[in-house]
Amino acid sequence: MSAVTAVVGGTIVSPSGSVAGDVLVRDGAIAAVGEVDRTGAEVVDASGCLVLPGAIDVHTHIFGAVADDTRSALLGGTTSMLAFVDAEPGERPVEAARRTIADELPKAHADVALHTVIWEPEAYRPGDMRDVHALGVGSVKLWLAYIELGIMADDDVAFAVMQEAAALGMVVLAHCENGRVIDVLTRELVAAGEMGLGSLPRSRPIALEAECVHRFLAMAEVAGSTAYVVHVTGSRPMQELAAARGRGQAVYGEACVHHLLFDESCHHGDDALRYVMTPPLRSPGDRAALRGGLVRGGLDTYASDHCHLRLDRDKVPVADDFTRVPTGVPGIAARLPIGLALAGEDGLTVERLVEVACAAPARIFGLPGKGAVAPGNDGDLVVWDPAAPSAITLEGLGDGLDWTPYDGFELPGRIRHVLARGVHVVEDGTFIGEEHRGAYLAVGG
Ligand SMILES: [Zn+2]
């Protein structure tokens, strides 16, 4: 194929507005926007279509299934992602990141940056963040719940990590739920024999999320660290974010697809197994608050929290015990199309969607060359046809799983083309990028 591609006749979307124009991509990068010289270029017709920057998913768990999940990402217009590094028992953060870069990233079809994770809080020692930061990892995640898995950081370790991260300019992400109280509530439910999936939300009320967000942000204030709260679920945690912003803190909140679409009634239906996630789904009012937050700026990013979990292998065999079902849902490919479906509803514009799904992730996590259709940036583009309604199907997601919580979700249009670093990887909705390899996005260097 040509090293030069011209995407012509479309409307280019940025957070500040949408303008008609062509995009010329040469040698993997955007060479020109507006009136372009298309001599010798492969021409991609974007007439009547929106041209978006390749989307960036801040919250993904892809390791162990990198090829499937990154192929799926590209099919859904996500050309870059930040992924949580898994660790073997006893591995230091830098060792886990080095192994991931060597063994996992060569299989990636899309670009990947890493979040390091504190998996063994008792083993944390000063210098762990410095070492992993030197590999180009610009963010660290704390688990403030999951005491039963041994991964919950107590306040002392969390604060020490935040201090070291602050000194290095690393962003600190946190899963915010009060793990100690959840542990008590869970053991009470188990003792009462209440093992059904409806016990999941009962063990994790939103008050415990709001309390943990408050505590995390207070610690971040004292440590001087940038704080990013993953998967915010409703009004009360959003109020904590707003209060910290009011104090002048650098804080960010993330909304995930499932919390925007579903509510707590899903935990009590016949197909509750399809909604096992933490934090759980909340009230319809909370869901509305999240949508409002995405529109008005109370929330900063829109992510998938994609987990490569099968129903038949991972969930069904333990479905009669809410403490044993692995939590999480897949969604890396569904995220951007569902965002485009939400755009137009409730005041969410396509320009604001580009902010929360593309531009803000690049800015917050320091990914140069990403998140905007601009000369010099990487040639990551999505061509969305708003005149071709479609629906989400398992086959179309291409992630190799046996289910999706979004099956049959109706979309007002469809993705026609995706370019990743200038390579045409999705053509007329079909993945043709099997040979394309993504890059490791080193940040913070
Ligand atoms: Zn997650």
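Look up a bit, the structure's there.
So, a few notes on the structure that sits alongside this text.

Thresholds, definitions, all that
- Counting starts from 1 at the beginning of each chain's written sequence and moves along it residue by residue.
- Side-chain atom pairs in this predicted model are given and counted only at pLDDT of 80 or more, local residue features only at pLDDT of at least 70, and totals for whole chains, interfaces and linings cover all residues.
- Comment: elements are numbered from the N terminus, with helices defined as DSSP H or I runs of at least four residues and strands as E runs of at least two.
- Atoms considered for the radius of gyration are the C-alpha atoms alone. The globule rule reads 2.2 Å times the number of residues to the power 0.38.
- With C-beta atoms placed from the backbone, the exposure class of a residue follows from how many other C-beta atoms lie within 10 Å of its own: 20 or more, buried; 12 or fewer, exposed; in between, partly exposed.
- Note on contacts: residues are paired as contacts if their backbone-placed C-beta atoms lie within 7 Å.
- Two strands pair under a simple rule: DSSP has to find at least two bridges between them.
- Any nonpolar core is a set of buried residues, restricted to Ala, Val, Leu, Ile, Met, Phe, Trp, Tyr and Cys, that join up through C-beta atoms within 7 Å.
- As a rule, the C-alpha atoms of each element are fitted with a line to give its axis, helices using only the stretch in contact, and angles between N-to-C directions run from 0 to 180 degrees.
- By definition in this entry, angles of less than 35 degrees are roughly parallel, angles greater than 145 are roughly antiparallel, angles of 65 to 115 are roughly perpendicular, and the rest are oblique.
- In this scheme the crossing of two helices becomes right-handed for a clockwise turn of the near helix relative to the far one and left-handed for an anticlockwise turn of less than a right angle.
- Each residue is assigned to one of three groups, with Ala, Val, Leu, Ile, Met, Phe, Trp, Tyr, Cys and Pro labelled nonpolar, Asp, Glu, Lys and Arg labelled charged, and all others, Gly among them, labelled polar.
- A helix is expected to span 1.5 Å multiplied by its residue count minus one.

## Points about the overall build of the protein
- Looking only at helices and strands, the protein has 14 helices and 20 strands in total.
- Taking 2.2 N^0.38 as the reference for a compact globule, 445 residues should give roughly 22 Å; the C-alpha atoms of the protein span a radius of gyration of 21 Å, in line with that estimate.
- With the principal axes as the frame, the protein shows a C-alpha extent of 70 × 50 × 40 Å.
- When the 445 residues of the protein are sorted by exposure, 54% land in the buried category.
- Counted over contacts in the protein with a minimum sequence separation of 6, partners at least 24 positions apart contribute 75%.

## Quick look at the pairing of strand 18 (residues 414–420)
- Across the seven residues that make up strand 18, a large majority, six, are buried.
- Both strand 15 (residues 381–385) and strand 18 contribute to a ladder of five bridges, which runs antiparallel. Note that in strand 18 the partner of Val382 across the bridge is Val418.
- Pairing between strand 18 and strand 19 (residues 423–427): four bridges, direction antiparallel.

## What about the nonpolar core?
- Core analysis: the biggest nonpolar cluster contains 147 residues, and Val51, Leu144, Val161, Val172, Phe216 and Val229 have the highest contact counts within it.
- Not counting residues within four places of it along the chain, the set of residues in contact with Val161 comprises Ile118, Tyr124, Met129, Val140, Leu142, Ala153 and Val172.

## Considerations on the sheet that holds strand 13 (residues 301–303)
- Ordered by their spatial adjacency, nine strands build an open sheet running 13-12-11-10-9-8-7-6-14, and the pairing between neighbours is parallel. In the strand order of this sheet, the two ends are held by strand 13 and strand 14 (306–307), each with one partner.
- By the bridge criterion, two bridges tie strand 6 (residues 55–61) to strand 14 in an arrangement that is parallel. Looking at the pairing, Thr60 lines up with His306 of strand 14.
- Sheet strands touched by helix 4 (residues 155–168): strand 9 (139–143) and strand 10 (171–175). Its angle to strand 9, the strand with the most contacts, is close to 170°.
- Lying on the sheet, helix 7 (residues 206–223) is in contact with strand 10, strand 11 (226–229) and strand 12 (251–256); it crosses strand 11 at an angle near 165°.

## Comments concerning the packing of helix 7 against helix 8 (residues 235–246)
- Direction vectors running N to C along helix 7 and helix 8 enclose 15°, while the axes themselves pass 8 Å from each other. Put simply, helix 7 runs roughly parallel to helix 8. The crossing of helix 7 and helix 8 is right-handed. Contacts between helix 7 and helix 8 involve Ile206, Ala207, Glu209, Ala210, Val213, His214 and Leu217 from the former and Arg236, Pro237, Glu240, Leu241 and Ala244 from the latter.
- For the contact of helix 7 with helix 8, a count of residues per class yields eight nonpolar, one polar and three charged.

## Overview of the environment of Ser390
- Here Ser390 lies in strand 16 (residues 390–391).
- Considering only alpha carbons, one finds Ser390 and His59, 331 residues apart in sequence, at a separation of 26 Å.
- Sequence-distant contacts of Ser390, defined by excluding residues within four places in its chain, comprise Leu411 and Arg414.

## Some words on the environment of Thr327
- In this fold, Thr327 is placed in the loop between helix 11 (311–315) and helix 12 (335–342).
- Residues Thr327 and Arg274, spaced 53 residues apart in sequence, show a C-alpha to C-alpha distance of 9.8 Å.
- Ignoring anything within four residues of it in the chain, the contact list for Thr327 reads Val276, Met277 and Thr278.

## Concerning the pairing of strand 19
- Burial runs high along strand 19: four of the five residues are buried.
- In textbook terms, the turn of a hairpin is the stretch between consecutive antiparallel strands, and for strand 18 and strand 19 this stretch comprises two residues, one of which, Arg421, has a positive phi near 50°.
- The loop that links strand 19 with its antiparallel partner strand 20 (residues 430–431) comprises two residues; one of these, Asp428, has a positive phi angle of about 50°.

## Here's the deal with unusual backbone geometry
- Put simply, Thr278 and Pro279 share a cis peptide bond, and its omega is -15°.
- Within the secondary structure, Pro279 sits in the loop between helix 9 (257–261) and helix 10 (284–296).
- Of note in the backbone geometry, His231 takes a positive phi value of approximately 30° without being a glycine.
- At Asp428, a residue that is not glycine, the phi angle is positive and equals roughly 50°.
- In this structure Asp428 comes out as exposed when scored by C-beta crowding, with 11 C-beta atoms within 10 Å.

## Considerations on helix 10
- Its 13 residues place the ends of helix 10 18 Å apart at the C-alpha level, agreeing with the 18 Å of an ideal helix rising 1.5 Å per residue.
- Taken as a whole, helix 10 has its buried residues at Asp286, Arg287, Ala289, Leu290, Arg291, Gly293 and Leu294.
- Residues of helix 10 that are buried sit in contact with helix 7, helix 8, strand 12, helix 9, strand 13 and helix 13 (350–365).
- At the C-terminal side of helix 10, Gly297 shows a positive phi close to 105°.

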